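These are the residues of each chain, in order.
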Amino acid sequence: AQSVTQPDIHITVSEGASLELRCNYSYGATPYLFWYVQSPGQGLQLLLKYFSGDTLVQGIKGFEAEFKRSQSSFNLRKPSVHWSDAAEYFCATGGFKTIFGAGTRLFVKA
Amino acid sequence: EPEVTQTPSHQVTQMGQEVILRCVPISNHLYFYWYRQILGQKVEFLVSFYNNEISEKSEIFDDQFSVERPDGSNFTLKIRSTKLEDSAMYFCASSAPRMTGNTEAFFGQGTRLTVV
């Protein structure tokens, strides 16, 4: 069965610093992979997705993610974090249903 | 751009009451889903629906839950006798999956259900 693991429950980053959120997936074939962001009390916003092809995927809000089959990873990155990026981030994989990781809460300090 | 629409955005109900959460999926999609997110927790799969029947359900989706596609556009989740622990954000989603087994689901903005 497909699954995703986000090993970090929360991460704190200084504003302007770089960010990397980790995600590992479990799936035999090439998975569909997604990153969503959720602000408190709000819905899910799709940041980016990977289906096939170029393993470096660009998303909205300056985010990117890299699919690494050898490491079963799909880590989310941003070169310079803004205070407004503070939120919960979910990695997900799409089989016949979408399976979400537990989420990583990002805190941004001034 | 087509989107999944959920109503209401917030619902407060008394324990023991029945609630119906409504969703309008994207019009050419064939698979429909409900997910639940208890405050501060992960998004959990409840049920998938295809060809007018449940295709898969989780252990959370017990006898108090039911889904229906009453017409060509709406997809509803009914909770028969709400409990305090049903308080959560409920997300509807729809997709048009490929035969590879991979799919991209499009999510609505959610209905926040509060049971008092």
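Draft legend 1. Expanded view of the layout of surface pockets. Estimated volume of the largest pocket: approximately 400 Å³. Along its surface, the largest pocket is lined by 14 residues, and B:E1, B:E3, B:F106, B:F107 and B:Q109 are the ones closest to its centre. The set of elements that each furnish at least two residues to the lining of the largest pocket consists of β6 (45-50) of chain A together with β1 (5-7) and β10 (106-107) of chain B. Among the residues making up the lining of the largest pocket, the classes are represented as 8 nonpolar, 4 polar and 2 charged.

Draft legend 2. Structural view of the interface of chain A and chain B. With 24 residues of chain A in contact, the opposing surface of chain B contributes 22 residues. Of the roughly 1900 Å² buried between chain A and chain B on both sides combined, carbon and sulfur atoms contribute 51%. The three residues of chain A that bury the most area against chain B are A:Y32, A:F96 and A:K97, which together make up 33% of that side's buried surface. At the junction of chain A and chain B, the tally comes to 2 salt bridges. On inspection of chain A and its partner chain B, the count reaches 5 residue pairs in polar contact (both at pLDDT 80 or more). Here the side of chain A that touches chain B is built from residues that sort into 12 nonpolar, 10 polar and 2 charged.

Parameters and conventions
- Residues numbered from 1 in each chain as written.
- Chains lettered and ligands numbered in written order.
- Predicted model: local features only at pLDDT ≥ 70, side-chain atom pairs only at ≥ 80, totals over all residues.
- Heavy atoms only, no water.
- 1 Å grid on protein atoms, 1.4 Å probe; cavity = no way out; pocket = protein on both sides within 12 Å on 5 of 7 lines; lining within 4 Å.
- Points joined across faces, edges and corners; volume = space filled by probe spheres on them.
- Helix = DSSP H or I, 4+ residues; strand = E, 2+ residues; numbered from the N terminus.
- Nonpolar A, V, L, I, M, F, W, Y, C, P; charged D, E, K, R; others polar.
- Contact = heavy atoms within 4.5 Å.
- Buried area = accessible area lost by both parts, 1.4 Å probe.
- Salt bridge = Lys/Arg side-chain N within 4 Å of Asp/Glu carboxyl O.
- Polar contact = N/O pair within 3.5 Å; in protein donor to acceptor, adjacent residues only side chain to side chain.

These figures come from the coordinates and say nothing about function on their own.
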